[in-house]
Amino acid sequence: MNTLTPLGEEVHVYECDIDTLDVEGLKVLLSSTELAKAAAFRQPADASRFIAGRGIAKKVLAFYGSTDAARVIINPGKNGKPVALTDADKMLPAFNISHSGNKVLIAFCNQMVGIDVELVKEMELESMAGLVFSEMELSILKNLLIP
């Protein structure tokens, strides 16, 4: 396999807002296996996140590999981490996808890479604190919250 080194030692991170993407249009880049995986999600939003992540990853990988996105193949690698190559077995950069809410983050690197994003929902601090804090910690928190 040929190796690709457009990234040097850098890590490139791309952020996408799913609400601004043509998710249906990205389906043409997915394999039948990937489409079946997307269809298996119970929630349509989860399927959209998966399709968006894979589709955008293939577009960016195609850019790095100077090829067409339809020629990018993503297979499970060691420990389930995805590995990308072209249909001509040209190795592409390592990547990792994370999605939460309407955001998709994708990291690309010439070495194994990981990325994570998590939607933080507003929560009532005091009610949650009562579940995990000791009486002394609750007292300190209460004093901090009083203006």
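What counts, and where the lines are drawn
- Residues numbered from 1 in each chain as written.
- Predicted model: local features only at pLDDT ≥ 70, side-chain atom pairs only at ≥ 80, totals over all residues.
- Heavy atoms only, no water.
- Helix = DSSP H or I, 4+ residues; strand = E, 2+ residues; numbered from the N terminus.
- Expected span 1.5 Å × (residues − 1).
- Buried < 20%, exposed > 50% of the residue type's maximum accessible area, 1.4 Å probe, protein only.
- Pairing = 2+ DSSP bridges.
- Polar contact = N/O pair within 3.5 Å; in protein donor to acceptor, adjacent residues only side chain to side chain.
- Contact = heavy atoms within 4.5 Å.
- Salt bridge = Lys/Arg side-chain N within 4 Å of Asp/Glu carboxyl O.

(A) Just helix H3 (residues 44-64), in detail. When the terminal C-alpha atoms of H3 are compared, their 30 Å separation across 21 residues agrees well with the 30 Å that a helix rising 1.5 Å per residue should span. Within H3, 15 of the 21 residues are buried, leaving the element largely enclosed by the surrounding structure. After H3 finishes, the residue Ser66 shows a positive phi value of roughly 50°.

(B) Expanded view of the pairing of strand E5 (residues 103-109). Of all 7 residues in E5, 6 are buried; the element is thus mostly enclosed. For strand E1 (residues 12-17) and E5, the ladder comprises 6 bridges, and the chain directions are antiparallel. Looking at the pairing, Glu15 lines up with Leu105 of E5. Taking the residues between adjacent antiparallel strands as the criterion, strand E4 (residues 94-100) and E5 are bridged by 2 residues, where Gly101 takes a positive phi near 60°.

(C) The side chain of Asn96, seen in detail. Inspection of the secondary structure puts Asn96 in strand E4. Here Ile115 takes part through its backbone nitrogen, which lies 3.1 Å from a polar atom of the side chain of Asn96. Sequence-distant contacts of Asn96, that is, excluding residues within four places in its chain, are made with Lys81, Leu105, Ile106, Ala107, Val113, Gly114 and Ile115.

(D) Local environment of the pattern of salt bridges. Following the criterion strictly, the structure yields 7 salt bridges and no others. Here Glu15 and Lys103 are joined by a salt bridge, their closest N and O atoms 3.0 Å apart. Of this pair, Glu15 sits in strand E1 while Lys103 sits in strand E5, and the two are 88 residues apart along the sequence. Across the salt bridge formed by Arg49 and Asp46, the nearest N and O atoms sit 2.5 Å from each other. Note that Arg49 and Asp46 are positioned in helix H3 at a spacing of 3 residues, about one turn of the helix. Among the ionic contacts, a cluster of salt bridges with common partners joins Glu15, Asp17 and Lys103.

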